[in-house]
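These are the residues of each chain, in order.
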Amino acid sequence: MPLGAGIHHLEANIALHVFEAPEPGPTALIQAGIHGDEVGGVHALAEMLEAEGLVPTHGKLIVCPVMNPAAYRARQRAAPGGLDLNRCFPGDAEAPERERRLARKFMDLVEGERPALMATLHESHKRYDPEVQPSFGQTLVYGVEPMPEIVGRTVARLNARFAKPEEHWAPHYFPVATSSTEVIVDAIGCIGICVETWMGFEEPHRVEMQKAVVEFLLDDIGVRRLPAS
Ligand SMILES: [Zn+2]
């Protein structure tokens, strides 16, 4: 069942901000903090929520700013003693491990909402280099060929805004079978994008870039149109 506007909770400490625009349009879902040491996207969404920068112009926007709060508090990839949540999809409501149960709750959410776009915000210790696998810094990762056109357009807009060579963004085809992105794309046929900033930059710059990615994706999919420039 689709959620109405307001703040809902996947678990007691996992908020879902649901916005409905006055104009019809698609649904987009943005999630961060599935890995607790990758704070750029978490803080980007927090700042955007504070600035009312996620209020959609069309359709519906669902934001999960901190998907794994225990991992985020510990600033670790996984919660202490826990599993890598992004390797637990599609999850299992009856599993003994918290992460598998949580993954299943998130799957129930996406199956109820059927977003057109699902983006998950990550960070990487390594700058992307096609010769070095894995390396993700400054990529939009997708797991289904052909590359969704929104990926190419968004990478081009990012490279126009962030023009220094070390800031360069690239598309990167890298499917991960049990990740939230791939499993959700398989389940509902949406566009799934994993956003990766490079942790070699200071946090404020990573936050700035994460915010730009979210703005460009939401503008492109038509949920939050930017003023024409
Ligand atoms: Zn990650």
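Scroll up to find the structure this text is about.
Everything quoted here is computed from the prediction, not taken from an experiment.

Asker: Before we go on, may I ask you to explain the sheet that holds strand β5 (residues 117-124) in this structure?
Answerer: Hydrogen bonds between backbone groups are what pair the strands of a sheet, and the pairing can be parallel or antiparallel. Taken together, the eight strands give an open sheet; going across it, the order is β1-β2-β4-β3-β5-β8-β6-β7, and neighbouring strands pair in mixed fashion. Either end of the sheet is taken by a strand with one partner, and the two such strands are β1 (6-11) and β7 (170-173). Strand-to-strand, the axes of this sheet are offset by a mean angle of 25°, without reference to chain direction. Contacting β2 (14-20), β3 (23-32), β4 (58-64) and β5, helix α1 (residues 39-50) crosses the sheet at an angle of about 140° to β3. Of the strands in this sheet, β3, β4, β5, β6 (139-142) and β8 (191-198) touch helix α6 (residues 203-221), which is tilted by about 160° from β8.

Asker: Can you help me understand the coordination of the zinc ion in this one?
Answerer: Around a metal, the idealised angle for a tetrahedral arrangement of four donor atoms is 109.5 degrees; for an octahedral arrangement of six donor atoms it is 90 or 180 degrees. Each protein donor to the zinc ion is listed here as His35 (ND1), Glu38 (OE), Glu38 (OE) and His122 (ND1); together their distances run 2.0 to 2.5 Å. Every donor counted, the four donor atoms about the zinc ion form angles of 56 to 154° at the centre, which fits irregular coordination.

Asker: What's the story with the state of the cysteines in this structure? I'm lost.
Answerer: Two cysteines joined by a covalent bond between their sulfur atoms form a disulfide. Summed over the entire model, instances satisfying the criterion amount to zero disulfides. Distance from the sulfur of cysteine 194, which forms no disulfide, to the nearest cysteine sulfur (cysteine 190) is 13 Å.

Asker: Is there a simple way to explain the layout of surface pockets in this structure?
Answerer: Any empty space left between atoms is shown by rolling a water-sized probe over those atoms. Quantified by volume, the largest pocket comes out at close to 420 Å³. For the lining of the largest pocket, the elements supplying multiple residues, two or more each, are β5, β6, α5 (180-188) and β8. Element by element, the count of residues in the lining of the largest pocket is highest for β5, at four residues.

Asker: Could you clarify how one ought to interpret the pairing of β7 in this entry?
Answerer: Regular strands place their side chains on alternate faces of the sheet. Judged by which residues are buried, β7 turns out to be one-sided: Ala170 and His172 face inward and are buried, whereas Pro171 and Tyr173, on the alternate face, are not. In this sheet, β7 lies alongside β6 in parallel orientation, the contact comprising four bridges. Across the sheet, tyrosine 142 pairs through a bridge with tyrosine 173, a residue of β7. Handedness of the crossover joining β6 and β7 through helix α4 (residues 149-161): right-handed.

Asker: Explain the side chain of serine 124 here, please?
Answerer: Its place among the elements puts serine 124 in strand β5. If near-sequence neighbours (up to four positions away) are discounted, serine 124 is found in contact with Phe136, Gly137, Glu196, Thr197, Trp198 and Met199.

Asker: I tried to follow the pairing of β3 on my own but got confused; where do I start?
Answerer: The sheet contact formed by β3 and β4 spans six bridges and is parallel. Within β4, the residue paired with glutamine 31 across the bridge is cysteine 64. Handedness of the crossover joining β3 and β4 through α1: right-handed. Bridge count for β3 against β5 is five bridges, and the pairing is parallel. Residue pairing across strands places glutamine 31 opposite threonine 120, the latter belonging to β5.

Asker: So what exactly am I meant to see when it comes to the packing of aromatic side chains here?
Answerer: For any two aromatic rings, the description comes down to two numbers: the centre-to-centre distance and the angle of the planes. In this structure the tally under the stated criterion is four aromatic pairs. Plain terms: the ring middles of phenylalanine 136 and phenylalanine 174 are 5.0 Å apart, the flat faces sit at 85° to each other, and that makes the pair edge-to-face. Taken together, the positions of phenylalanine 136 in the loop between β5 and β6 and phenylalanine 174 in the loop between β7 and α5 put the pair 38 residues apart, joining distant regions of the chain. Assessed through its relative accessible area of 17%, phenylalanine 136 is described here as buried. Summarising the aromatic geometry, the rings of tyrosine 142 and tyrosine 173 are spaced 5.6 Å apart at their centres and angled 45° between planes, so their arrangement reads as tilted. Note that tyrosine 142 is positioned in strand β6 and tyrosine 173 in strand β7, a separation of 31 residues in sequence. We classify tyrosine 173 as partly exposed; its relative accessible area is 35%.

Asker: For this particular structure, what's the right way to read the pattern of salt bridges?
Answerer: Close approach of charged atoms allows side chains with opposite charge to pair. This structure, assessed with the given rule, holds 13 salt bridges. Glutamate 38 is paired through a salt bridge with arginine 77; the nearest N and O atoms lie 3.5 Å apart. With glutamate 38 in the loop between β3 and α1 and arginine 77 in the loop between α2 (69-74) and α3 (98-113), this residue pair connects regions lying 39 residues apart in the sequence. Ionic pairing is found between glutamate 47 and lysine 211, a salt bridge with its closest N-O pair at 2.8 Å. Of this pair, glutamate 47 sits in helix α1 while lysine 211 sits in helix α6, and the two are 164 residues apart along the sequence.

Thresholds, definitions, all that
- Residues numbered from 1 in each chain as written.
- Predicted model: local features only at pLDDT ≥ 70, side-chain atom pairs only at ≥ 80, totals over all residues.
- Heavy atoms only, no water.
- Pairing = 2+ DSSP bridges.
- Helix = DSSP H or I, 4+ residues; strand = E, 2+ residues; numbered from the N terminus.
- Axes fitted to C-alpha atoms, helices over the stretch in contact; angles between N-to-C directions.
- Contact = heavy atoms within 4.5 Å.
- Donors = N, O, S within 2.8 Å, 3.2 Å for Na, K, Ca; no water.
- Tetrahedral: all angles 85-135°; square planar, octahedral: opposite > 155°, others 65-115°.
- Disulfide = S-S within 2.5 Å.
- 1 Å grid on protein atoms, 1.4 Å probe; cavity = no way out; pocket = protein on both sides within 12 Å on 5 of 7 lines; lining within 4 Å.
- Points joined across faces, edges and corners; volume = space filled by probe spheres on them.
- Buried < 20%, exposed > 50% of the residue type's maximum accessible area, 1.4 Å probe, protein only.
- Right-handed = clockwise from strand over helix to strand, strands pointing away.
- Phe/Tyr/Trp six-rings, centres within 6.5 Å; stacked < 30°, edge-to-face > 60°.
- Salt bridge = Lys/Arg side-chain N within 4 Å of Asp/Glu carboxyl O.

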